[in-house]
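# Overview (structure and organization)
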Amino acid sequence: MTPFELTTDVPVSSRLQLPPGDWSCLLDGLCARFPRIPRSQWLDRFTRGRVQDAQGRALSPAQPWQVGLEIRYFREVADEPVIPFQARVLHLDEHLLVADKPHFLPVMPAGRHVRETLLTRLVVQTGNRELVPLHRIDRGTAGLVLFSCNVQSRARYQVLFRERQIEKHYQALAPALPSLSFPLQRHSRIERGEPFHVMRESSGEPNALSRIDVLDAEGAIWRYALEPVSGRKHQLRVHMAALGAPILGDDCYPQTLQRAMEDYTSPLQLLASQLAFVDPLTGVRREFRSERTLG
């Protein structure tokens, strides 16, 4: 049995602070807030005690809607497909876990992925339900993800990302750009586009900065070194496509392409290859490198 097989029932919970609304009861309000979830499914969750208050006490579907109340509900997806790739734990101590994520595995539960996510697998492997990712990378991107293991020290590490005190280095395979001079910087404004899950460059004050260099310039496909100074969604993918070199395997940029949901034959050739920072607890510089390669 591999370390990431789900050997125990680890429910995946989400938290919600009840917003203003005139619903008569908790069940009616949740059905209105989440119209894609059938009423019968909410009732089943209530029956099995999977809608709780912040202290873990089961709630009743008939309980009045109380604005500001924090509840916890457990997400489940029927017939969730198994993702046939494993993450590697590169480092684990009292405060931090560093995982080397494969392509196609989401970091957090969302949509049709709940149990088949990096977070849920790591909770099963370590038994630590306090694990929280300190940042995220796309489902299609492979490489390093840093997790907090300890709620007491979590804020000290979160500030590294919020104040851009952590170095994030990526590698990518993309078409050659012999007409450009490297290294270069792409500084532009990135906003949500159409459809809703893609981003686009637009006019206006820049909010995204990427540093781009070349590691290997042989042949028609080059290996690039990418450093996202800011952290906009899909930033590196958008910037590479805008330069005329969309990352190999990208099904969104420069345009949305149609392909099978579980087609694992053409992964996005983007790797979160290195993380480096000064540890806020010890003052010692720490560096982690992915063991994965592209191509």
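Look up a bit, the structure's there.
Before going into details, it helps to say that this report is about the structure given with it. (Residues numbered from 1 in each chain as written. Predicted model: local features only at pLDDT ≥ 70, side-chain atom pairs only at ≥ 80, totals over all residues. Heavy atoms only, no water.)

## Here's the deal with the packing of aromatic side chains
Inspection of every chain in the model, using the stated rule, returns 11 aromatic pairs. Judged by centre distance (4.8 Å) and plane angle (70 degrees), the rings of F104 and Y264 are edge-to-face. Of this pair, F104 sits in the loop between β5 (96-101) and α3 (118-126) while Y264 is found in the loop between α5 (235-242) and β13 (270-278), placing the two residues 160 residues apart along the sequence. Given a relative accessible area of 8%, F104 falls into the buried group. Under the relative-accessibility criterion, Y264 is labelled partly exposed at 23%. Among the aromatic residues, those joined into a cluster by ring pairs are F34, W42 and Y73. Sitting above the plane of the W42 ring, R45 keeps its charged end 4.7 Å from the centroid. (Phe/Tyr/Trp six-rings, centres within 6.5 Å; stacked < 30°, edge-to-face > 60°. Helix = DSSP H or I, 4+ residues; strand = E, 2+ residues; numbered from the N terminus. Buried < 20%, exposed > 50% of the residue type's maximum accessible area, 1.4 Å probe, protein only. Lys NZ or Arg CZ within 6 Å of the ring centre and 35° of its normal.)

## Notes on the pairing of strand β8 (residues 167-175)
One face of the sheet, then the other: side chains in a regular strand alternate in exactly this way. As defined by bridge partners, β8 adjoins β13 across six bridges and the pair is classed as antiparallel. Note that in β13 the partner of Y170 across the bridge is A272. Pairing of β8 with strand β12 (residues 221-228), which is carried by six bridges, proceeds in the antiparallel orientation. Of the residues in β12, the one forming a bridge with Q171 is A225. (Pairing = 2+ DSSP bridges.)

Worth remembering: the numbers are spatial, not functional.
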